[in-house]
Amino acid sequence: MKSLFILLKDYFFELLYPRNLTCVLCHSEVDGKELCDVCLGSIQFNTGRVCGSCGRMILSGAYPVCENCKTLNRYYDRGISVVTYDEYIKKLIFNFKYHDKRYIAHTMAGYMLKEIINLDLDIEFDSIVPVPLHETRFKSRGFNQAELISHFLSEMTGLKVDTSLKRISNTKPLNKLSSEERHDVLSDAFELTESIKKNIILIDDIFTTGATVNACALKLKEMGSGFILVTTFAVGE
Ligand SMILES: [Zn+2]
Ligand SMILES: [Zn+2]
């Protein structure tokens, strides 16, 4: 993990990009940052007692896994998330996906790396794997947000991005399905023809029920992967 830390330091010192003039949320003037101090202060970072599976803050009750994750048969080893998915973050991620503000991915990657380093896991990671989008979705959107974050994370850490995990079925939006239905729909949604060896950081932008990252993790483990750390930027409230 030491090398990651050194690279993170470089990232903060260099701040090569992006050089923004206005805050992505409120459009007030900023100097080379994506977010102004007011917006930054409004973001709910996940701190204190957080779920070891999804990164949600656990305000009361079960620990170390939250109520939502208790019923999930999870195939990855650990899950972390930087912020809570509230109105502020919704806007940020909306801008990110639909207004082509790809540079937000750079900020997200920086925060995600900080979280990974803070975990202080005794694991040497070998590759970064983005949760894939189905080709049709990719074509309509023009980019995969998870892949974009992964590439920035790769620049910051020197770890390679492995995109050999593919999404082969284009599932309907999952938000109306129960977690069991999601599981069924997703169980054959991903394909991996060759093993991605060793320890993986699995990247997505949002963690909702975890069904998607879990289906990816199952496929990766079936094919012989080692430790899987799921890292998302935001997790549902
Ligand atoms: Zn702002
Ligand atoms: Zn959880």
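Only a predicted model underlies this, so the values are computations on that prediction, with no experimental measurement involved.

**A look at helix α5 (residues 104–119)**
So, point 1. Compared with the 22 Å implied by 1.5 Å per residue over 16 residues, the 23 Å span of α5 between its first and last C-alpha is a close match.
So, point 2. For α5, every residue scored as buried is listed here: I104, A105, H106, T107, M108, A109, M112, L113, E115 and I116.

**Section: the packing of α5 against helix α7 (residues 145–157)**
So, point 1. Taken N-terminus to C-terminus, the directions of α5 and α7 make an angle of 60°; their axes are 8 Å apart at the nearest point. As summarised for this structure, α5 and α7 are arranged oblique, according to the angle between their axes. With respect to the hand of their crossing, α5 and α7 are arranged in right-handed fashion. The segment α5 lies against α7, with A105, H106, M108, A109, M112 and L113 engaging Q145, L148, I149, F152, L153, M156 and T157.
So, point 2. Considering only residue class, the contact of α5 with α7 consists of ten nonpolar, three polar and no charged.

**Regarding the pairing of strand β2 (residues 127–130)**
A regular strand places its side chains so that they alternate between the two faces of the sheet.
So, point 1. What you see with β2 is no split at all: S127 and V129 on one side and I128 and P130 on the other are buried throughout.
So, point 2. As paired strands, β2 and strand β3 (residues 160–161) are joined by two bridges and run parallel to one another. Counterpart to S127 in the pairing with β3 is K160.
So, point 3. Pairing geometry for β2 and strand β6 (residues 200–207), over four bridges, is parallel. Across the sheet, residue S127 finds its bridge partner in β6, namely I200.

**As for helix α9 (residues 211–222)**
So, point 1. Across its twelve residues, α9 extends 16 Å between first and last C-alpha, which sits within 8% of the 16 Å expected from 1.5 Å per residue.
So, point 2. Burial of α9 is extensive: nine of the twelve residues sit out of reach of the surface.
So, point 3. Of all the positions in α9, only A211, T212, V213, N214, A215, C216, A217, K219 and L220 are classed as buried.
So, point 4. Looking one or two residues past α9, G224 carries a phi angle of roughly 100°, positive in sign.

**Re the sheet that holds strand β7 (residues 228–236)**
In any sheet, the strands associate via hydrogen bonds between backbone groups, in a parallel or an antiparallel arrangement.
So, point 1. Spatial ordering of the open sheet is given by β1-β7-β6-β2-β3, a layout of five strands whose pairing is parallel. Strands at the two margins of the open sheet, each flanked by one partner only, are β1 (78–85) and β3.
So, point 2. When β1 meets β7, the two strands line up parallel, connected through seven bridges. Its bridge partner lying in β7, Y85 is registered against G236.
So, point 3. Lying on the sheet, α5 is in contact with β1, β6 and β7; it crosses β7 at an angle near 125°.

**Re the nonpolar core**
So, point 1. Core analysis: the largest hydrophobic core is formed by 51 residues, its most contacted members being M112, I149, L202, I203 and C216.
So, point 2. Mapped onto this core, the elements with two or more residues apiece are β1, α4 (87–98), α5, β2, α7, β6, α9 and β7.
So, point 3. In terms of residues, this core owes the most to one element, α5, which gives seven residues.

Basis of the calculations
Residues numbered from 1 in each chain as written. Chains lettered and ligands numbered in written order. Predicted model: local features only at pLDDT ≥ 70, side-chain atom pairs only at ≥ 80, totals over all residues. Helix = DSSP H or I, 4+ residues; strand = E, 2+ residues; numbered from the N terminus. Expected span 1.5 Å × (residues − 1). Buried ≥ 20, exposed ≤ 12 C-beta atoms within 10 Å, placed from the backbone. Axes fitted to C-alpha atoms, helices over the stretch in contact; angles between N-to-C directions. Parallel < 35°, antiparallel > 145°, perpendicular 65-115°, else oblique. Left-handed = near helix turned anticlockwise from the far one by under 90°. Contact = placed C-beta atoms within 7 Å. Nonpolar A, V, L, I, M, F, W, Y, C, P; charged D, E, K, R; others polar. Pairing = 2+ DSSP bridges. Core = buried A, V, L, I, M, F, W, Y, C linked by C-beta atoms within 7 Å.

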